[in-house]
Number of protein chains: 2
Amino acid sequence: MAENSVPFTDIVRGLPASVPFVGPEAIERARGKSFRARIGANESAFGVSPRAASAMEFALGRLSWYADPEAHDLREALAAHHGVEMAAVCIGAGIDELLGVVVRMTVEPGRPVVTSLGAYPTFNYHVTGYGGRLETVPYKNDREDLAGLLEAVHRLRAPLVFLANPDNPMGSWHEADAVQTLIDALPPDCLLVLDEAYIEFAPEGTAPAIDSSDTRVLRMRTFSKAHGMAGARIGYCIGHPSLIGGLNKIRNHFGVNRVAQAGALASLGDGDFIAGVIAEVEAGRRDYAALAERLGLAALPSATNFVAIDVGSGERARAILEALAEDGVFVRMPAVAPLDRCIRVTVGTAEERAIFAEAFAQVLERVPN
Amino acid sequence: MAENSVPFTDIVRGLPASVPFVGPEAIERARGKSFRARIGANESAFGVSPRAASAMEFALGRLSWYADPEAHDLREALAAHHGVEMAAVCIGAGIDELLGVVVRMTVEPGRPVVTSLGAYPTFNYHVTGYGGRLETVPYKNDREDLAGLLEAVHRLRAPLVFLANPDNPMGSWHEADAVQTLIDALPPDCLLVLDEAYIEFAPEGTAPAIDSSDTRVLRMRTFSKAHGMAGARIGYCIGHPSLIGGLNKIRNHFGVNRVAQAGALASLGDGDFIAGVIAEVEAGRRDYAALAERLGLAALPSATNFVAIDVGSGERARAILEALAEDGVFVRMPAVAPLDRCIRVTVGTAEERAIFAEAFAQVLERVPN
């Protein structure tokens, strides 16, 4: 049968082949060797809570059973943790999956969707994949431009707008008041996806109070970062029960695995462990800032588990990335100017940071300014 | 903000609140007590391969890392296992997730999609969820009606048709030749989703040869049944690389977790374990058939890990299900007539089968004919 007879929808037929990220494993395969420091995907270097580890090992013993599609116990705990009703919480296989469901829920083909130029590519992937039209607002001083996002929402009558706070890939952040001001100014028929994947690493006062009575905001949280469970694939969102009801009409109900649910529940109860991770990450950020200064560069302030280091230009950043990879060190960089004058380095273990420090210093000597 | 201002798409706004299945945990919560035999969701009673268990425990040690979004090692092994190219294999978080992506890939809103009346509800859930129009073909002699499905495809010019072989919920099956005849008669612009979740339990000669040069078929396989990994959420599909390319344009690339990928790879290599599971399931099916006969009922022939037992009418089946649940035994039943004259009982362990045998005999005495 001829390939052109495949009954793709018009949207799918028109899409380019693309992926949000090429994984480090694919880069390793292409290079024929493993990375010695994997500090490019903002994965936690500090493992999982011992309680989560035990819970997950135990869950392996009943892996023949499907997980609870309602994730009742975890949602109950999350609701209590955040002071909201259970009906305001929805679980997904990471924020990535939830972003896809939210876009599907709100974006008719051809409708405009607002995000920042250079912000999280997986959101863009889903918008494009559902036939939405991306409208990108440039960053301002390496932060997402709240006023610019709001202006675009009103101008385009966009049903959906994305904001990560703290931001990825720059590590910058806005204070809660500024974000709340944005929220308050949203039209009633616009939904803000507020991606707070890195919120645990941010200063007090970064997250606005959670208000599940407002139908205009979905808060996205994850167990992939501070909780160290990226490989388990579990995240959640909090919002008005009518929003969660919409997600429940279309989401893949049996999509979140049993090990992840058990681990997340246990990890949520281990605040001491998370506090320890946060302290380690703060120490790592200071390390990178000091390293950058020693090397005559600037590290951007960060409220996340990674640090953007300004190396002057996109061209230079790309050359540095390439040279670091050649030397077995995996880091990433923002995709577009002017953000791409930085490389983005995840806080690794002390050992990984030492590997990076040495490799980076050597690479900088080789790569022209 | 008023709920009616939420920017749902027209499709989502028009959808009823529904779930494909209410999980056994939700039934337990409603009843306020646990089931003593969970033999209703066609989960394996025979655990996972010891090799898979070791691999998964090991994978827990690196859970802070995202899994390979290309699932390279597993896809390579699956391609070798099935004698196809890697580009013909796509991994998903269970067949459920893949069904959603396939529907999204092929079904424009309003287009007809063909399936059997009473077949897998999750497929229907996705079709409705993407705005497709379900056209259902009645079963014929408790088997999906291949000629009827084909007739409907041609009559409606449907882009998508679903067939489970072996079938769920009846456990019936068609021989490979009959399925291949259906495939050969499909229009070039129709895609058959051939769901083979239970294929390991079927007689030799049930699965047509896999032909990834045919753009009209996607074969769905899972690690949830014979491999005992339902809670891990991992399945795959095999088809023409142009079909897989379409899925790759829109799927959630980081959706399959690290533990599942490691376990699946190990389990695929443990043919002896799977052979043992199949033998156990065959013994269990014989048990149920003998039990039904003792009780004056007929068990339908099954090529799966469950058995449909004919209790005479839908009304009686519902009453039996209710009484069994009250007695701590979880089984399910088909949703529509005439299939709903059966209850559907998963092959449990010998102990679970004994619990069922005793409870079922007692319930039959109480529930009128």
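Residues numbered from 1 in each chain as written. Chains lettered and ligands numbered in written order. Predicted model: local features only at pLDDT ≥ 70, side-chain atom pairs only at ≥ 80, totals over all residues.

1. Notes on the overall build of chain A
Worth spelling out the cut-off: Secondary structure elements follow DSSP: runs of H or I of four or more residues count as helices, runs of E of two or more count as strands, with numbering from the N terminus. Each radius of gyration reported is based on C-alpha atoms, and the globular scaling rule is 2.2 Å times the count of residues to the power 0.38. Using C-beta atoms placed from the backbone, we call a residue buried if 20 or more other C-beta atoms fall within 10 Å of its own, exposed if 12 or fewer do, and partly exposed for counts in between. Two residues qualify as a contact pair if the distance between their C-beta atoms, derived from the backbone, is within 7 Å.
When you go through chain A residue by residue, the secondary structure sums to 13 helices and 12 strands. The C-alpha atoms of chain A give 21 Å as radius of gyration, which agrees with the globular expectation for 369 residues (21 Å, within 12%). For chain A, the C-alpha atoms occupy an extent of roughly 60 × 55 × 50 Å along the three principal directions. Looking at the 369 residues of chain A, the share that counts as buried comes to 57%. Long-range contacts, defined as pairs at least 24 residues apart, comprise 73% of the intrachain contacts of chain A with a sequence gap of at least 6.

2. A look at the sheet that holds strand S8 (residues 235–239) of chain B
All names here are of chain B. Rules: Strands were regarded as paired on the criterion that DSSP finds at least two bridges between them. Only the stretch in contact is used when a helix axis is fitted, and all axes are lines through C-alpha atoms; the angle between N-to-C directions ranges over 0 to 180 degrees.
Pairing in this open sheet of 7 strands is mixed, and the strands run S2-S8-S7-S6-S5-S3-S4 from one edge to the other. The strands lining the two open edges of the sheet, one partner per strand, are strand S2 (89–92) and strand S4 (133–137). On average, each strand axis in the sheet is inclined to that of its neighbour by 20°, with strand direction left out of account. Of the strand pairs in this sheet, strand S7 (residues 217–222) and S8 are connected by 5 bridges, and their pairing is antiparallel. Residue pairing across strands places Leu 218 opposite Gly 239, the latter belonging to S8. Packing against the sheet, helix H4 (residues 72–82) makes contact with S2 and S8, and its axis sits at approximately 130° to S2.

3. Details of unusual backbone geometry
Residues and elements named next belong to chain B. Cis geometry marks the peptide bond from Asn 165 to Pro 166, where omega comes out at -5°. For Pro 166, the location among the structural elements is in the loop between strand S5 (160–164) and helix H8 (176–184). For the peptide bond that leads from Asn 168 to Pro 169, omega is 25°, which places it in the cis range. At Asp 142, a position not held by glycine, the phi torsion is positive, near 65°. Tracing the chain through its elements places Asp 142 in the loop between S4 and helix H7 (146–156). When the 20 C-beta atoms within 10 Å are taken as the criterion, Asp 142 is described as buried.

4. Comments concerning the sheet that holds strand S4 (residues 133–137) of chain A
Residues and elements named next belong to chain A. Read across the sheet, 7 strands follow the order S2-S8-S7-S6-S5-S3-S4 without closing on themselves; strand pairing throughout is mixed. The sheet is open, and its two borders are formed by strand S2 (89–92) and S4, each paired with just one other strand. For this sheet, the mean inter-axis angle between neighbouring strands, taken without regard to orientation, is 20°. Each of strand S3 (112–116), S4 and strand S5 (160–164) touches helix H7 (residues 146–156); the most contacted strand, S3, lies at about 170° to it.

5. What about the environment of Leu 98 of chain B?
Residue and element names in this part refer to chain B. Relative to the helices and strands, Leu 98 is located in helix H5 (residues 94–106). Between the alpha carbons of Leu 98 and Phe 123 there is a distance of 9.8 Å; along the sequence they are 25 residues apart. Non-local contacts of Leu 98, meaning those with residues more than four positions away in its chain, are made with Gly 92, Met 220, Gly 235 and Cys 237.

6. Quick word on the pairing of S5 of chain A
All names here are of chain A. Put simply, the test is: Note on handedness: a clockwise path from strand one over the helix to strand two, with the strands aimed away from the viewer, defines a right-handed crossover.
Summarising burial for S5: 5 of the 5 residues are buried, a large majority. Of the two faces of S5, the one carrying Leu 160, Phe 162 and Ala 164 and the one carrying Val 161 and Leu 163 are both buried. Two elements, S3 and S5, share 2 bridges in a ladder whose sense is parallel. Looking at the pairing, Val 113 lines up with Leu 160 of S5. Note: S5 against strand S6 (residues 191–195), 5 bridges, orientation parallel. Within S6, the position partnered with Val 161 by the bridge is Leu 192. The parallel pair S5 and S6, bridged by helix H8 (residues 176–184), forms a crossover whose chirality is right-handed.

7. A closer look at the pairing of S8 of chain B
Residues and elements named next belong to chain B. With respect to burial, S8 is a largely interior element, 5 of its 5 residues being buried. Of the two faces of S8, the one carrying Gly 235, Cys 237 and Gly 239 and the one carrying Tyr 236 and Ile 238 are both buried. As paired strands, S2 and S8 are joined by 4 bridges and run antiparallel to one another. For Ile 91, the partnering residue across the bridge sits in S8 and is Tyr 236.

8. Side note on the packing of helix H4 (residues 72–82) of chain A against helix H10 (residues 258–268) of chain A
Each pair of packed helices can be described by the angle between their axes along with the distance between the axes. Residues and elements named next belong to chain A. Short version of the rule: Every angle not falling under 35 degrees, over 145, or within 65 to 115 is termed oblique; those three ranges are roughly parallel, roughly antiparallel and roughly perpendicular. By definition, turning the near helix anticlockwise from the far helix through less than a right angle yields a left-handed crossing, and turning it clockwise yields a right-handed one. Each residue receives one of three labels: charged for Asp, Glu, Lys and Arg, nonpolar for Ala, Val, Leu, Ile, Met, Phe, Trp, Tyr, Cys and Pro, and polar for the others, Gly being one of them.
Taken N-terminus to C-terminus, the directions of H4 and H10 make an angle of 25°; their axes are 9 Å apart at the nearest point. With respect to each other, H4 and H10 are oriented roughly parallel. Of the two possible hands of crossing, H4 and H10 adopt the one that is left-handed. Contact with H4, carried on its side by Asp 73, Leu 74, Ala 77, Leu 78 and His 81, involves Gln 261, Ala 264, Leu 265 and Leu 268 of H10 and no other residues of that element. Class assignment for the residues of the contact of H4 with H10 results in 6 nonpolar, 2 polar and 1 charged.

9. A few points about the relation of the copies chain A and chain B
The condition that has to hold: C-alpha atoms of residues with pLDDT of at least 70 in both copies form the basis for the least-squares superposition of the copies.
The operation relating chain A to chain B is a screw motion whose rotation component is 180°, with 0.0 Å of axial translation and a residual RMSD of 0.0 Å. Given the turn and translation reported, the copies of this chain are related as if by a two-fold rotation axis. Every residue of chain A has its C-alpha some distance from the rotation axis, and the shortest such distance is that of Glu 57 of chain A, at 3.4 Å.

10. A short note on the domain arrangement of chain A
Many structure descriptions define interface size as the accessible area lost when the parts assemble. All names here are of chain A. What counts is decided by this rule: The source of the domain bounds is an automatic or database domain assignment.
Assigned domains within chain A: domain 1 (21–47 + 272–366) and domain 2 (50–269). The gap between the C-alpha centroids of domain 1 and domain 2 is 25 Å. Taken together, the 23 residues of domain 1 in the interface contact 23 residues of domain 2. Only helix H11 (271–294) and strand S10 (306–310) provide two or more residues apiece to the side of domain 1 that touches domain 2. For the side of domain 1 that touches domain 2, the element with the most residues is H11, which contributes 4 residues.

11. Some words on helix H6 (residues 121–129) of chain B
Of all 9 residues in H6 of chain B, 8 are buried, a share of seventy percent or more. Among the residues of H6 of chain B, Thr 122, Phe 123, Asn 124, Tyr 125, His 126, Val 127, Thr 128 and Gly 129 of chain B are the ones counted as buried. Residues of H6 of chain B that are buried in the fold lie against helix H9 (241–250) of chain A together with H5, strand S3 (112–116), S4 and S5 of chain B. Among the residues trailing H6 of chain B, Gly 131 of chain B stands out with phi positive, at a value near 85°.

12. Considering the environment of Ser 116 of chain B
Residue and element names in this part refer to chain B. Assignment of secondary structure puts Ser 116 in strand S3. Under the C-beta neighbour-count criterion, Ser 116 is labelled buried, with 27 such atoms within 10 Å. Ignoring anything within four residues of it in the chain, the contact list for Ser 116 reads Thr 136, Val 137, Tyr 139, Glu 144, Asp 145 and Leu 149.

13. Here's the deal with the interface of chain A and chain B
With 76 residues of chain A in contact, the opposing surface of chain B contributes 76 residues. For the side of chain A that touches chain B, the secondary structure elements donating two or more residues are helix H2 (24–31), helix H3 (50–60), helix H5 (94–106), H9 and H10 of chain A. Looking at the side of chain A that touches chain B element by element, the count peaks at 7 residues for H9 of chain A. Looking at the side of chain A that touches chain B residue by residue, the classes come out as 36 nonpolar, 22 polar and 18 charged.

14. Section: the packing of H5 of chain A against helix H6 (residues 121–129) of chain A
All names here are of chain A. Here H5 crosses H6 at 35°, and the two axes come no closer than 9 Å. Judged by the twist between their axes, the crossing of H5 over H6 is right-handed. Every residue of H6 that contacts H5 at Asp 96, Leu 99, Gly 100 and Val 103 is listed here: Thr 122, Phe 123, His 126 and Val 127. For the contact of H5 with H6, the class distribution of residues is 4 nonpolar, 3 polar and 1 charged.

15. Quick word on the environment of Lys 249 of chain B
With respect to the helices and strands, Lys 249 of chain B occurs in helix H9 (residues 241–250). You can call Lys 249 of chain B buried: it has 22 C-beta atoms within 10 Å. As for Lys 249 of chain B and Gln 180 of chain B, which are separated by 69 residues in sequence, their C-alpha atoms are 29 Å apart. Not counting residues within four places of it along the chain, the set of residues in contact with Lys 249 of chain B comprises Val 12, Leu 15, Ala 17 and Gly 129 of chain A.

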